[in-house]
Amino acid sequence: MAMEIGEDEWKVCCGSSDFAKLMVDSDPFESLEPAVHTARDIWFNLVNVTAWLEAFSAHPQIGDTPSPSSTNSGFARRSEAEQSTAFATTSSKALKELADWNVRYKKKFGFIFIICASGKTHTEMLAALKERYENRPIVELEIAATEQMKITELRMAKLFSDKARVVSETDSSSSPISTTPQAESKAIKRSRPPITTHVLDVSRGAPAAGVEVHLEVWSGTTNGPSFGHGGGGVWSSVGTSATDKDGRSGPLMDLVEALNPGTYRISFNTAKYCPGCFFPYVSIVFLVTESQKFEHFHVPLLLAPFSFSTYRGS
């Protein structure tokens, strides 16, 4: 059964107004899984940094109690519940240390420390805060956005669970929400190709425009190339594009619902963007399994004149 969810309900999951509106435009959803796929695509590809910052600001600081006057009481209750276990027995001295680090973090980055608190202890979160404090702002922004998506997905799971229970109680004759792969695949409506990327220039603190990007897939008799060995097959081109003023590449492949499982390689022509740089090009190889063919793979590149780093975003 398709579920229609209102904008206010989506804002309990994520405090960004733009995110909530785009989720409303995309529903109804047959089940949680296609909703999560859509949410990831909207969060990492469609909304801008302002929407990220709006979502961050909706949270209380780690260790703080949400204000009773919060304009989104549902959001505040979720935040309090997610932090309750970690801080139920925390000493006042430990809370003071965390508060001091919260101030230092916000002064450096301009937004509050975001972490998926569910299941974590006070000690674990404080250690993560101290470790991430050493990051460059543009790197930390990406990490915070990824943590926000984890929080959003947990809240979406709770929302769909509550909705399903209400449906079951009000209409006992209705069929349960299908969770079969076949049903989910029909419900998924991608707005972007399944593999996307963007490039950030950390030396400038800005997106990197004009970086040539090439996507390939492994074709051969073996499952894929192994480290140091590439025999048994060849790399076949899937698509080529370049990053725009926002650092995002154009489509690297067709808009398909199911991505063919296999080994993919995405390469960046860094020498053209930064002549004389240490790495003339950067290639990232990753494996997509049968169970992941409906997922979205966002592969960002963080670059500086003399070094590069990557991590996978969902």
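The name recorded for the protein chain in an unreviewed UniProt entry is Uric acid degradation bifunctional protein TTL-like isoform X2, from Camelina sativa. The Pathway (unreviewed entry) comment attached to the protein chain in UniProt states, word for word, "Purine metabolism; urate degradation; (S)-allantoin from urate: step 3/3."

Turning next to the environment of M3. For M3, the position within the fold is in the segment before helix 1 (7-13). Considering only alpha carbons, one finds M3 and S31, 28 residues apart in sequence, at a separation of 7.5 Å.

Per the stated rule, a full pass over the model turns up 14 aromatic pairs. Taking the centre distance of 5.5 Å and the plane angle of 85° together, the rings of W101 and Y133 count as edge-to-face. In this pair, W101 sits in helix 6 (residues 92-109) while Y133 sits in the loop between helix 7 (122-132) and helix 8 (137-170), placing the two residues 32 residues apart along the sequence. Considered together, W101 and Y133 belong to a single accessibility category, that of buried residues. In this structure, R104 is placed above the aromatic ring of W101, and the distance from its NZ or CZ to the ring centre is 4.0 Å. The aromatic ring of Y133 is capped on one face by R104, whose charged end is 5.1 Å from the ring centroid.

Take the pattern of salt bridges next. As enumerated under the stated definition, the model contains 8 salt bridges in all. In this structure, R132 and E140 form a salt bridge, with 2.7 Å as the shortest nitrogen-oxygen distance. On the accessibility criterion, E140 (0% relative accessible area) is buried.

A word on the nonpolar core. Grouped burial of nonpolar side chains is what soluble globular proteins tend to show. The biggest cluster of nonpolar side chains holds 45 residues, and the ones touching the most others in it are W10, M23, W43, F56 and M156. Those elements that provide at least two residues to this core are helix 1, helix 2 (17-26), helix 3 (32-46), helix 4 (49-57), helix 6, helix 7 and helix 8. Top contributing element to this core by residue count: helix 8, with 8 residues. In this structure W43 touches C14, S16, F19, A51, W52, A55, F56, A145, Q148 and M149, once residues within four positions along its chain are discounted.

The next subject is the pairing of strand 6 (residues 262-268). Extensive coverage of strand 6 is indicated by the burial of 6 of its 7 residues. In this sheet, strand 7 (residues 282-288) lies alongside strand 6 in antiparallel orientation, the contact comprising 7 bridges. The partner of Y264 across the bridge, within strand 7, is F286.

Turning next to the state of the cysteines. Disulfide: a covalent bond connecting the sulfur atoms of a pair of cysteines. By the definition in use, this model includes 0 disulfides. This cysteine, C13, is not joined by any disulfide, and C14 carries the nearest cysteine sulfur, 8.3 Å off. With relative accessibility at 1%, the residue C13 sits in the buried group.

Thresholds, definitions, all that
- Numbers given for residues are sequential positions, taken from 1 along each chain in its written order.
- Per-residue local features of the predicted model are confined to residues with pLDDT of at least 70, and side-chain atom pairs are confined, for both listing and counting, to 80 or more; whole-chain, interface and lining totals are unaffected and use all residues.
- Hydrogens are left out, water is left out, and the side-chain values use all remaining heavy atoms of the structure.
- UniProt positions are given in the numbering used here, feature names are shortened, and annotations may be inferred rather than shown by experiment.
- In this text, helices come from DSSP runs of H or I with a minimum length of four residues, and strands from runs of E with a minimum of two, each type numbered from the N-terminal end.
- The aromatic pairing rule takes the rings of Phe, Tyr and Trp, using the six-membered ring of Trp, and pairs them if the centres are within 6.5 Å, calling planes under 30 degrees apart stacked, those over 60 edge-to-face and the rest tilted.
- Accessibility here uses a 1.4 Å probe with only protein chains present; expressed as a share of the type maximum, an area under 20% marks a residue as buried, one over 50% as exposed, and anything in between as partly exposed.
- Sitting over a ring, as applied to charges here, requires NZ of Lys or CZ of Arg to be within 6 Å of the ring centre and within 35 degrees of the ring normal.
- Put simply, a salt bridge is a Lys or Arg side-chain nitrogen that is within 4 Å of an Asp or Glu carboxyl oxygen.
- Take the buried Ala, Val, Leu, Ile, Met, Phe, Trp, Tyr and Cys residues and link them wherever side-chain atoms come within 4.5 Å; each set so joined is a nonpolar core.
- In what follows, a contact means two residues having at least one pair of non-hydrogen atoms within 4.5 Å.
- Only strands joined by at least two bridges in the DSSP assignment are considered to pair.
- When the sulfur atoms of two cysteines come within 2.5 Å, that pair is taken as a disulfide.

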